[in-house]
Amino acid sequence: MIFSALNFNDEITYLKGVGPARAKVLEREANIRTVGDLLQYYPYRYVDRSHIYTCAEINDETQYVQLKGTITNVRKTGTPHKERVEATFSDPTGSIQLVWFRGTKYILNRFQEGSTYLVFGKPTRYQHLFNIPHPEVDEATEENERKNLGWMAMYNTTERMKNAGLGTSGIRKLVFTALETLSHELVETLPAYIRDKLGFPDINDATRAIHFPKNNRELSKAQERFKFEELFYIQLQILKHSKFSGQPQSGFVFAKVGDTFNEFYNHHLSFDLTNAQKKVIREIRTDLGSGRQMNRLLQGDVGSGKTLVALLTMLLAVDNGYQACLMAPTEILATQHFHSFRRMLDGLPCSVSLLTGSTSAKERDAIHVGLKSGTLNLLIGTHALIEDNVQFKNLGLAIIDEQHRFGVAQRAKLRLKNSLPPHVLVMTATPIPRTLAMTVYGDLDVSIIDELPPGRKPIKTYHYFNNRRDDLMRFLKQEIDLGRQAYIVYPLIEESAKSDLQAVENGYDYVTTHLSQFKVSMVHGRLSSQQKESEMNKFVHGETQIMVATTVIEVGVNVPNASVMVIEDSQRFGLAQLHQLRGRVGRGNSQSYCILLSPQKLSYESNQRLKTMVATNDGFEIAEADMRLRGPGDMEGTAQSGMPFELKVANLARDGEIVTLARDVAQRVLTADPNLNAEENRVLTFQLRKRARTNIDWSNIS
Ligand code: ADP
Ligand code: MG
């Protein structure tokens, strides 16, 4: 065979040991198409194989062992139905049995008497003797010792991969061959000055070390390098297009606090702002006066009073001659905001309209005219707001409520509603751990409302199994008799909208039968918006005492008199969603309760989630727990808003320090060389281009 050197970008079939069949499996199961993909298929865990044990050392505490010795007496045993192969392994200190239950035919003729083997596996005890089931066996050649001794990588593999001989040891062999036959050095992906500063190995050493580490130290340096690299390029990408872009995005100047704001603040507000609200308004005013476009994320736990901050900010826009809009994720929420804004603004020279999917054509026309001519000051709505035919005369401020419900693209679109992009304020009650915020919303400034309005009592949360429904009904009766209201919420699974409806309707029947003295509203996705609104209104105005609903009421709904939130099948909700739902109560001065119902049998994770909910009301603690339990990629909120990237090696829950480091370094690099023109930074530009697989225009993302 002609010797052929291998390139990083070569198809994986060029690698010795990979034929068309294996190539197909690698592509389908592990997304490995090229030699480079294989080298970047990083192990998920390592076992210590640096030491050669002896048979005499094996005891009940032994985890994985590696042994060196001979194999004799290979024999078929068991019954014809349950065939197995056993063999005797011996070293100078003793012997141990090796056992195979699968692939027995192949094993029978595999070993030669007189040869020395390296055997690796996990001893198990059977009665008083140890054996090693399905050990990895290699001839004890010099090459194999070099390959096997050290920290041994374990790779994620699927059943299909294993059947194709691509279990963890199969993959390890391929990686080894690839590294041996690669024709050239790997192309460095981090500038030397950054590597030197941080003490990271170069790309060749790091790649070898992450697959075949000699020791723990070498391994952690390599891992650190790849994690850093991944996070660093994300930060660089985010920062390059925001503050450090060379030309800061100029924005409208809202110089004054005018009559509308002052009139509202002094005469329409029936309570004092909390200190946290005041602090946030100050931060926003500084942004608005700076001449630079504001991009601010406002985080505040449910019920902390973000809506009021939104309204005050919108009044600043109006006083300075601009229009403002507020986009909410659901029609119910948009409608609620509209009504409360209209009520609060009553008597002020400030017009406000509502635009949603169910706004009539006639109203819509009037809104379009008002927006174009400038007679309409404030627009509140759903996605309908960002349709192309909605045109403003001079939109100065766009606010997005419950940010986590919107996708990146939608936010970008809102920014394009004016020639100069409007100031943007995004609000979210889904608390985002700091590391995640720095990564997903890296170009936003963050304001936090870390205080609830006075007089709020912490919500008491209980977890009931379904068999306590009678107790629950008694409790509901007791609370409603005190003048309170209650929600009963059902999960919504999109694939089976029918059975959801069924669950809600059954629930409705159950409550109306067991608490027949009370009036009950019902809201679910199958109702028209008019029906939804009318059911919702009855509850808002206290005409009904109980609201039976699917999660359409999840975000933002504000009925301060409601004091009980019952969540059916609560094990089916994620933590962030449970926290949002719970936040619908505890909005007034009375003690509020959240009852989590579930079947008795729960998975570990569900159980942990419910325990967390019972243990704490703190949104940030809940977010951290969520991240630990599910990993940040699956975290609600980010999954919905579509994390604009995928992390392969770094873990936002565990690698917080590396996130911070990556951000610092990215910031420093851009301060010194904003356009990355320096020779030493060429590699950065190249990598950024290569990594920008999505066609998202980062400059338009808020
Ligand atoms: P969220 O931050 O979840 O959007 P809201 O803006 O809906 O919270 O506010 C929750 C409730 O608290 C509303 O009824 C609102 O009127 C009230 N509220 C807001 N700020 C204050 C305050 N400073 N003092 C008393 N009540 C307030
Ligand atoms: Mg809100």
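Before any of the text, the structure's been laid out above.
Now for a description of the structure that goes with this document. (Residues numbered from 1 in each chain as written. Chains lettered and ligands numbered in written order. Predicted model: local features only at pLDDT ≥ 70, side-chain atom pairs only at ≥ 80, totals over all residues. Heavy atoms only, no water.)

**Considerations on the sheet that holds strand 22 (residues 593-598)**
Part 1 of the argument: Spatially, 6 strands are ordered 17-22-21-18-20-19 in an open sheet, and the strand pairing comes out parallel. A strand with exactly one partner marks an edge of an open sheet, and here the two such strands are strand 17 (460-465) and strand 19 (520-523). Across the sheet, the mean angle from the axis of one strand to that of its neighbour is 20°, orientation sign disregarded.
Part 2 of the argument: Bridge count between strand 21 (residues 562-567) and strand 22: 4 bridges; the pairing is parallel. (Pairing = 2+ DSSP bridges. Helix = DSSP H or I, 4+ residues; strand = E, 2+ residues; numbered from the N terminus. Axes fitted to C-alpha atoms, helices over the stretch in contact; angles between N-to-C directions.)

**Regarding helix 25 (residues 682-691)**
Part 1 of the argument: Burial in helix 25 covers these residues: Val683, Leu684, Gln687 and Leu688. Relative to the axis of helix 25, the buried residues are bounded by an arc of 135° and lie together on one face. More than 90 degrees from the buried face of helix 25, the exposed residues found are Arg682 and Arg689.
Part 2 of the argument: Considering only its buried residues, helix 25 is in contact with helix 9 (216-240) and helix 24 (656-672). (Buried < 20%, exposed > 50% of the residue type's maximum accessible area, 1.4 Å probe, protein only. Arc of directions from axis to C-beta. Contact = heavy atoms within 4.5 Å.)

**What about the sheet that holds strand 14 (residues 395-400)?**
Part 1 of the argument: With parallel pairing, the 7 strands of this open sheet are ordered in space as 12-13-11-14-15-10-16. With partners counted over all chains shown, the strands left at the sheet margins are strand 12 (352-355) and strand 16 (445-449), one partner each. Mean inter-strand twist for the sheet, computed between neighbouring axes without regard to direction, equals 20°.
Part 2 of the argument: The sheet contact formed by strand 11 (residues 323-327) and strand 13 (residues 378-381) spans 4 bridges and is parallel. Looking at strand 13, one finds that Leu326 is bridged to Ile380.
Part 3 of the argument: Against the sheet, helix 12 (residues 306-319) contacts strand 10 (295-300), strand 11, strand 13, strand 14, strand 15 (423-428) and strand 16, and its axis sits at roughly 175° relative to strand 14.
Part 4 of the argument: Its contacts with the sheet put helix 14 (residues 361-373) on strand 11, strand 12 and strand 13, and the angle it makes with strand 12 is roughly 130°.

**Here we look at the pairing of strand 20 (residues 546-550)**
Regular strands show a simple pattern: their side chains alternate between the two faces of the sheet.
Part 1 of the argument: Most of strand 20 is tucked away, with 5 of its 5 residues classed as buried.
Part 2 of the argument: With burial as the criterion, each face of strand 20 is covered, one bearing Ile546, Val548 and Thr550 and the other bearing Met547 and Ala549.
Part 3 of the argument: In terms of strand pairing, strand 18 (residues 485-490) meets strand 20 through 5 bridges, oriented parallel. Counterpart to Tyr490 in the pairing with strand 20 is Thr550.
Part 4 of the argument: As judged from the 4 bridges shared by strand 19 and strand 20, these two strands associate in the parallel manner. Looking at strand 20, one finds that Val520 is bridged to Ile546.
Part 5 of the argument: Where the polypeptide runs from strand 19 across helix 19 (residues 529-540) and back to strand 20, its parallel neighbour, the crossover connection is right-handed. (Right-handed = clockwise from strand over helix to strand, strands pointing away.)

**Concerning the nonpolar core**
Part 1 of the argument: In this structure, Phe264, Met314, Leu345, Leu378, Leu397 and Ile399 are the most contacted members of the largest nonpolar core, which totals 43 residues.
Part 2 of the argument: Sorting elements by how many residues they give to this core places helix 12 first, with 10 residues.
Part 3 of the argument: Ignoring sequence-local partners within four residues, the contact set of Leu397 consists of Phe254, Met294, Thr313, Met314, Ala317, Gln323, Ala324, Cys325, Pro422 and His423.
Part 4 of the argument: Counting 34 residues, the second largest nonpolar core, distinct from the first, contains Val18, Met161, Leu174 and Ala206. (Core = buried A, V, L, I, M, F, W, Y, C linked by side-chain atoms within 4.5 Å.)

**Focus on the pattern of salt bridges**
Part 1 of the argument: All told, the structure shown has 25 salt bridges when counted by the stated rule.
Part 2 of the argument: For the salt bridge of Arg208 with Glu218, the shortest nitrogen-to-oxygen distance reads 3.1 Å. One end of the pair, Arg208, is in helix 8 (residues 203-211); the other, Glu218, is in helix 9, with 10 residues separating them in the sequence.
Part 3 of the argument: Taking relative accessible area as the criterion, Glu218 reaches 22% and is therefore assigned partly exposed.
Part 4 of the argument: Note that Arg469 and Glu568 form a salt bridge whose closest N and O atoms lie 2.8 Å from each other. Of this pair, Arg469 sits in helix 17 (residues 469-481) while Glu568 sits in the loop between strand 21 and helix 20 (575-582), and the two are 99 residues apart along the sequence.
Part 5 of the argument: Three or more residues are tied together by salt bridges with common partners; here these are Glu188, Arg195, Arg225 and Glu229. (Salt bridge = Lys/Arg side-chain N within 4 Å of Asp/Glu carboxyl O.)

**Some details on the site of ligand 1**
Part 1 of the argument: Ligand 1 sits among 16 residues. The nearest are Asp272, Gly303, Lys306, Thr307 and Arg456.
Part 2 of the argument: Residue Ser304 places a main-chain N or O atom 3.4 Å away from an oxygen atom belonging to ligand 1.
Part 3 of the argument: Gly305 is positioned with one of its backbone polar atoms (N or O) 3.1 Å from an oxygen atom of ligand 1.
Part 4 of the argument: Contact with the protein chains removes 85% of the 560 Å² of surface that ligand 1 exposes when unbound.
Part 5 of the argument: Looking at the shell around ligand 1 residue by residue, the classes come out as 4 nonpolar, 7 polar and 5 charged. (Near = heavy atom within 4 Å. Polar contact = N/O pair within 3.5 Å; in protein donor to acceptor, adjacent residues only side chain to side chain. Areas by Shrake-Rupley, 256 points an atom, 1.4 Å probe, with all protein chains shown as cover. Nonpolar A, V, L, I, M, F, W, Y, C, P; charged D, E, K, R; others polar.)

**A few points about helix 9**
Part 1 of the argument: Its 25 residues give helix 9 an end-to-end C-alpha distance of 35 Å, which sits within 8% of 36 Å, the value for a rise of 1.5 Å per residue.
Part 2 of the argument: Looking at where helix 9 begins, the residue whose side-chain oxygen comes 3.2 Å from the main-chain nitrogen of Arg217 is Asn215. (Expected span 1.5 Å × (residues − 1).)

**Re the environment of Ser528**
Part 1 of the argument: Checked against the element boundaries, Ser528 lands in the loop between strand 19 and helix 19.
Part 2 of the argument: Residue classification places Ser528 among the partly exposed residues on the basis of a relative accessible area of 32%.
Part 3 of the argument: In sequence terms Ser528 and Ser358 are 170 residues apart; their C-alpha atoms lie 9.2 Å from each other.

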